[in-house]
Amino acid sequence: MSILYGNILSWGSIILIAILMILSIAKKFERTKIAINMVLFLYGLLGSFTYPSYFLMRLGSSIRTDKQFIDWASMQFYNSITTLAIITTIVIVAAMVILIFYHKYASWVKVIMVFSQILLIVISVMISFNTINKIFDIAKYISGTAYYNALVLLVIPLIDHLIRKNIE
């Protein structure tokens with residue numbers, strides 16, 4: 001399970017994001033951009049669903065934890081990821097509504113997506129301040145979840161492409 005959250009896939013996703021940013025400048029390579037978006041979206045979706053169990057596995061195997069701390073840490077973590085998941089869902093639904101019903105504002109959807117990705121990271125940092133302790137680094141897992149949720153938001157350009165394809 002740790003290979004999913006290890007250095008190779010994390011750096012691979014960062015490199016794919018850089019390639020996607022470079023390709024977004026050019027009008028060509030539409031299929032490549034869609035493929036990269038799909039890979040990053042699937043990686044983010046997989047990470048979003050499996051990262052909480054990885055957190056619990058790591059928390060349970062920690063030597064310096066007792067039952068009361070595990071309960072507190074898991075409650076903090078689940079409250080945080082619930083907040084991040086709600087924000088992600090609201091952004092995706094709002095983008096779909098804009099893309100389907102308000103075509104003239106469709107150019108703003110990518111701006112909303114990028115702003116929301118940055119907002120997810122900022123919110124995760126702010127939430128992480130409440131989890132500072134000397135026993136276990138909960139903030140790392142909250143930030144990791146925010147990163148995966150930010151990757152899930154890459155479904156918005158895929159939805160945009162499908163809607164434009166059906167309109168034309």
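Everything numeric here is computed off the predicted structure, so don't read it as measured data.

A. Up close: the packing of aromatic side chains. Inspection of every chain in the model, using the stated rule, returns 12 aromatic pairs. Ring centres of Tyr51 and Tyr148 lie 5.4 Å apart, and the angle between their planes is 65 degrees; this geometry places the pair in the edge-to-face category. Placement of the pair is Tyr51 in helix 2 (residues 30-60) and Tyr148 in helix 5 (residues 138-152), with a sequence separation of 97 residues. For Tyr51, a relative accessible area of 7% puts it in the buried group. A relative accessible area of 3% places Tyr148 in the buried class. A ring pair is formed by Phe55 and Phe136, whose centres lie 5.9 Å apart and whose planes are at 65 degrees; its orientation type is edge-to-face. Of the two residues, Phe55 sits in helix 2 while Phe136 sits in the loop between helix 4 (109-128) and helix 5, which places them 81 residues apart along the sequence. Exposure remark for Phe55: the relative accessible area of 0% places this residue in the buried category. Given a relative accessible area of 11%, Phe136 falls into the buried group. Joined through ring pairs, the aromatic side chains of Tyr43, Tyr51, Tyr54, Phe55, Phe77, Tyr78, Phe136, Tyr141, Tyr147 and Tyr148 make up one cluster.

B. Quick look at unusual backbone geometry. You will see that Phe29, though not glycine, has its phi angle at about 60 degrees, which is positive. If you trace the backbone, Phe29 turns up in the loop between helix 1 (7-25) and helix 2.

C. Structural context of the layout of surface pockets. A volume near 850 Å³ is recorded for the largest pocket. Lining the largest pocket are 27 residues, with Leu20, Ser24, Asn37, Lys110 and Pro157 positioned closest to its centre. Listing elements by their share of the lining of the largest pocket, those giving two or more residues are helix 1, helix 2, helix 4, helix 5 and helix 6 (155-167). Element by element, the count of residues in the lining of the largest pocket is highest for helix 4, at 6 residues. Residues that form the lining of the largest pocket fall into these classes: 15 nonpolar, 4 polar and 8 charged.

D. Seen up close, the pattern of salt bridges. Going through the model one piece at a time under the given rule, you end up with 2 salt bridges. For Glu30, the salt bridge goes to Lys33, with nearest N and O atoms at 3.7 Å. Note that Glu30 and Lys33 are positioned in helix 2 at a spacing of 3 residues, about one turn of the helix. Classification of Lys33 by relative accessible area gives buried; the value is 13%. Of the charged contacts, one joins Asp71 and Lys67 as a salt bridge, the two residues approaching to 3.2 Å between their closest N and O atoms. Separated by 4 residues within a single helix, Asp71 and Lys67 lie in helix 3 (residues 67-101), roughly one turn from each other. A residue is classified by how much of its surface remains accessible, and Asp71, at 40% relative accessible area, is partly exposed.

E. Quick peek at a nonpolar patch on the surface. The grouping of Val93, Met96, Val97, Ile100, Phe101, Tyr102, Tyr105, Trp108, Val111 and Ile112 at the surface amounts to a nonpolar patch, some 970 Å² of accessible area in total. Elements that contribute at least two residues to the nonpolar patch include exactly helix 3 and helix 4. Here Val97 shows up in helix 3.

Calculation rules
Residues numbered from 1 in each chain as written. Predicted model: local features only at pLDDT ≥ 70, side-chain atom pairs only at ≥ 80, totals over all residues. Heavy atoms only, no water. Phe/Tyr/Trp six-rings, centres within 6.5 Å; stacked < 30°, edge-to-face > 60°. Helix = DSSP H or I, 4+ residues; strand = E, 2+ residues; numbered from the N terminus. Buried < 20%, exposed > 50% of the residue type's maximum accessible area, 1.4 Å probe, protein only. 1 Å grid on protein atoms, 1.4 Å probe; cavity = no way out; pocket = protein on both sides within 12 Å on 5 of 7 lines; lining within 4 Å. Points joined across faces, edges and corners; volume = space filled by probe spheres on them. Nonpolar A, V, L, I, M, F, W, Y, C, P; charged D, E, K, R; others polar. Salt bridge = Lys/Arg side-chain N within 4 Å of Asp/Glu carboxyl O. Patch = residues over 30% accessible without salt bridge, like charges linked within 9 Å, V, L, I, M, F, W, Y side chains within 5 Å. Areas by Shrake-Rupley, 256 points an atom, 1.4 Å probe, with all protein chains shown as cover.

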